[in-house]
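Architecture at a glance
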Amino acid sequence: MSWRLLDTGILRAAENLALNRALLEAHQAGEGVDTLRFLRFRPSALLGFHQSAEQELELEFCRQHGIEVQRRITGGGAIYFDEGQLGWELYLGRRSLGTADMGAIAQRICEAAARAISQLGVEARFRPRNDIEVAGRKISGTGGAFEGESLLYQGTLLVEFDVERMVQALKIPGAKLADKGLSSARERVTSLQELLGVVPPLAAIQQVLAAVFAAEFGVEFQPGGLNAAEQGRYTQLLAEMDCDEWVQQVARPFAEVPTGSALHRCPGGTLRAEVRIDRRRGMLKQVWITGDLFVRDRRLLPDLEAALKEVAISELGPRIEVFLAQRSADLLALTPADFTQVVMAAIQAAEAGHG
Amino acid sequence: MGAVRGCEIPEDLYYNIENNVWARQEADGTITVGMTSYAGSLAGTIVAYTPKKVGKDVKQDKSCATVESGKWVGPVKAPVSGDVAAVNDAVIAKPALINEDPYQQGWLVKIKPANWDAEAGALVTGGDAMAKFEEKMNADGFGGC
């Protein structure tokens with residue numbers, strides 16, 4: 001069986017995201033074909049579908065630096081994207097995957113992507129729910145959208161990455177702290193350039209990704225372009241999405257997503273938590289846990305942070321317990337209660353408005 | 001109360017099996033719409049919900065709300081056409097209600113139907129719905145709720 005290999009090169013964010021919708025909707029209408037697409041972006045700050053620009057982005061900085069603000073059709077959090085990252089996307093039918101379980105589908109695609117990235121000389125792994133990481137540091141974020149039986153699943157691969165630019169363009173709790181913010185951010189993301197010391201040629205990266213996806217799905221890829229139906233949809237959708245109305249369709253005040261921090265001293269060390277919560281949905285949006293502490297495996301902290309993203313505040317205690325029960329050997333003198341305590345204290349600080 | 005492979009499927013509701021949604025005619029004639037427990041199980045915990053605005057018209061089998069789970073975003077397809085009469089503020093505040101209580105507190109929109117009698121014919125209910133969900137679960141390779 002043959003799938004299309006589509007390389008759309010470097011485009012503006014509105015163009016790339018209008019293509020997401022055009023290709024997905026055409027696939028669902030039976031006008032498209034199963035596709036692996038490679039894409040790149042001019043500097044952009046991309047919101048998840050349900051996010052608000054006011055809450056997630058430093059809009060003034062983006063404006064001053066010509067960073068295009070756009071809204072994805074896929075879920076997840078805001079990301080900074082420029083020419084140094086490679087986007088990869090799959091368009092395919094749910095039925096061809098043999099399962100309708102969305103978590104299982106995401107895992108299968110991410111595990112294949114992680115194998116491909118590993119072939120480039122780093123040890124990449126899938127981390128639930130949607131990251132691919134190397135030694136606990138994110139190298140690829142992913143997300144999906146569906147329309148009937150058709151799926152779009154997309155990821156970024158950080159080939160080169162300007163962490164400082166990301167921190168300036170996005171609102172990330174803790175990242176703007178003068179003393180440790182940037183280094184904390186650097187501890188959480190990485191890039192092929194940083195890990196390998198060189199930037200691998202783009203063609204080689206694309207070849208590896210295509211070969212691994214081809215093997216995973218038992219297909220071969222044929223290079224191709226957009227068909228007429230997709231082109232027609234694209235022109236129409238670009239007009240709809242390349243405007244403020246699309247970007248601002250979810251507009252919520254920043255005050256709804258306050259930040260807070262807390263410190264907890266215990267026999268295992270000193271823990272610090274920086275959180276951002278969503279008052280409206282009663283949810284922890286993001287947490288960073290740092291501090292002077294002894295754990296057997298440093299990646300325990302980023303893994304825990306990933307497991308607590310977008311979790312209801314009422315569920316946090318049990319979630320921390322369950323996660324740490326699997327990693328108890330890494331904890332040494334720390335206890336799950338230490339983590340629960342510092343995270344909940346930071347949440348209380350955020351709720352009280354003195355973050 | 002009916003169940004298929006551990007997923008609660010109330011026999012008195014009307015379903016569009018393919019879109020995995022239910023409809024219930026209320027005493028005032030409005031149609032309450034939601035995702036099935038099976039749809040919630042496939043999606044995982046829902047973390048965001050954006051309904052069409054009150055007053056907007058929706059078409060049968062077109063989107064009446066958008067939901068997000070595990071970074072997947074997709075539409076929920078309306079089982080009937082009509083105008084959106086109400087959206088669920090409790091679900092905006094706690095989207096996981098869609099998973100926890102899909103047929104009561106976790107409803108998605110109420111629709112003032114354009115033509116319930118004609119469109120309800122495309123929906124299935126009772127034992128017929130149970131059998132069709134069993135078939136869908138087979139096709140989806142689904143183990144159970």
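Residues numbered from 1 in each chain as written. Chains lettered and ligands numbered in written order. Predicted model: local features only at pLDDT ≥ 70, side-chain atom pairs only at ≥ 80, totals over all residues. Heavy atoms only, no water.

1. Structural notes on the overall build of chain B
Tallying secondary structure elements over chain B gives 5 helices and 12 strands in all. Against the 2.2 N^0.38 benchmark of 15 Å for 145 residues, chain B shows a C-alpha radius of gyration of 14 Å, consistent with a compact globule. Viewed in the frame of its principal axes, chain B has a C-alpha envelope of about 40 × 35 × 25 Å. For chain B, contacts bridging at least 24 residues in sequence account for 62% of all contacts bridging at least 6. Taken as a whole, chain B presents about 5,900 Å² of accessible surface, with 48% of it coming from carbon and sulfur. Separation between the mean location of the 14 positive side-chain charges and that of the 19 negative ones in chain B comes to 8 Å. (Helix = DSSP H or I, 4+ residues; strand = E, 2+ residues; numbered from the N terminus. Rg over C-alpha atoms; globule rule 2.2 N^0.38 Å. Contact = heavy atoms within 4.5 Å. Areas by Shrake-Rupley, 256 points an atom, 1.4 Å probe, with all protein chains shown as cover. Lys, Arg positive; Asp, Glu negative; His and termini not counted. Charge placed at Lys NZ, Arg CZ, Asp CG, Glu CD.)

2. Some words on the pairing of strand 14 (residues 283-293) of chain A
All names here are of chain A. Of all the 11 residues making up strand 14, 9 are buried; the element is thus mostly covered by neighbouring parts of the structure. Bridge count between strand 13 (residues 269-278) and strand 14: 10 bridges; the pairing is antiparallel. The residue of strand 14 that forms the bridge with glycine 269 is leucine 293. What sits between the antiparallel neighbours strand 13 and strand 14 is a turn of 4 residues, in which glycine 282 has the positive phi angle 55°. Pairing between strand 14 and strand 15 (residues 311-312): 2 bridges, direction antiparallel. Across the sheet, methionine 283 pairs through a bridge with alanine 312, a residue of strand 15. (Buried < 20%, exposed > 50% of the residue type's maximum accessible area, 1.4 Å probe, protein only. Pairing = 2+ DSSP bridges.)

3. Some details on the packing of helix 1 (residues 13-28) of chain A against helix 9 (residues 228-241) of chain A
Residues and elements named next belong to chain A. Helix 9 packs onto helix 1 with a crossing angle of 130° between their chain directions and a minimal axis gap of 8 Å. Considering the angle they form, helix 1 stands oblique to helix 9. Crossing angle aside, the handedness with which helix 1 passes helix 9 is right-handed. From helix 1, Ala14, Glu15, Leu17, Ala18, Leu19, Arg21, Ala22, Leu23, Glu25 and Ala26 reach across to helix 9, where they touch Glu230, Arg233, Tyr234, Leu237, Leu238, Glu240 and Met241. For the contact of helix 1 with helix 9, the residue count by class is 11 nonpolar, no polar and 6 charged. (Axes fitted to C-alpha atoms, helices over the stretch in contact; angles between N-to-C directions. Parallel < 35°, antiparallel > 145°, perpendicular 65-115°, else oblique. Left-handed = near helix turned anticlockwise from the far one by under 90°. Nonpolar A, V, L, I, M, F, W, Y, C, P; charged D, E, K, R; others polar.)

4. Digging into the environment of glycine 260 of chain A
As for its position among the elements, glycine 260 of chain A is in strand 12 (residues 259-266). Here glycine 260 of chain A falls in the buried class, since its relative accessible area comes to 2%.

5. Considering the side chain of serine 150 of chain A
Residues and elements named next belong to chain A. With respect to the element layout, serine 150 can be found in strand 10 (residues 150-158). A relative accessible area of 3% means that serine 150 is categorised as buried. A polar contact of 2.6 Å, which involves the side chain of serine 150, links it to the side chain of histidine 27. Ignoring sequence-local partners within four residues, the contact set of serine 150 consists of Leu24, His27, Gln28, Leu92 and Ala145. (Polar contact = N/O pair within 3.5 Å; in protein donor to acceptor, adjacent residues only side chain to side chain.)

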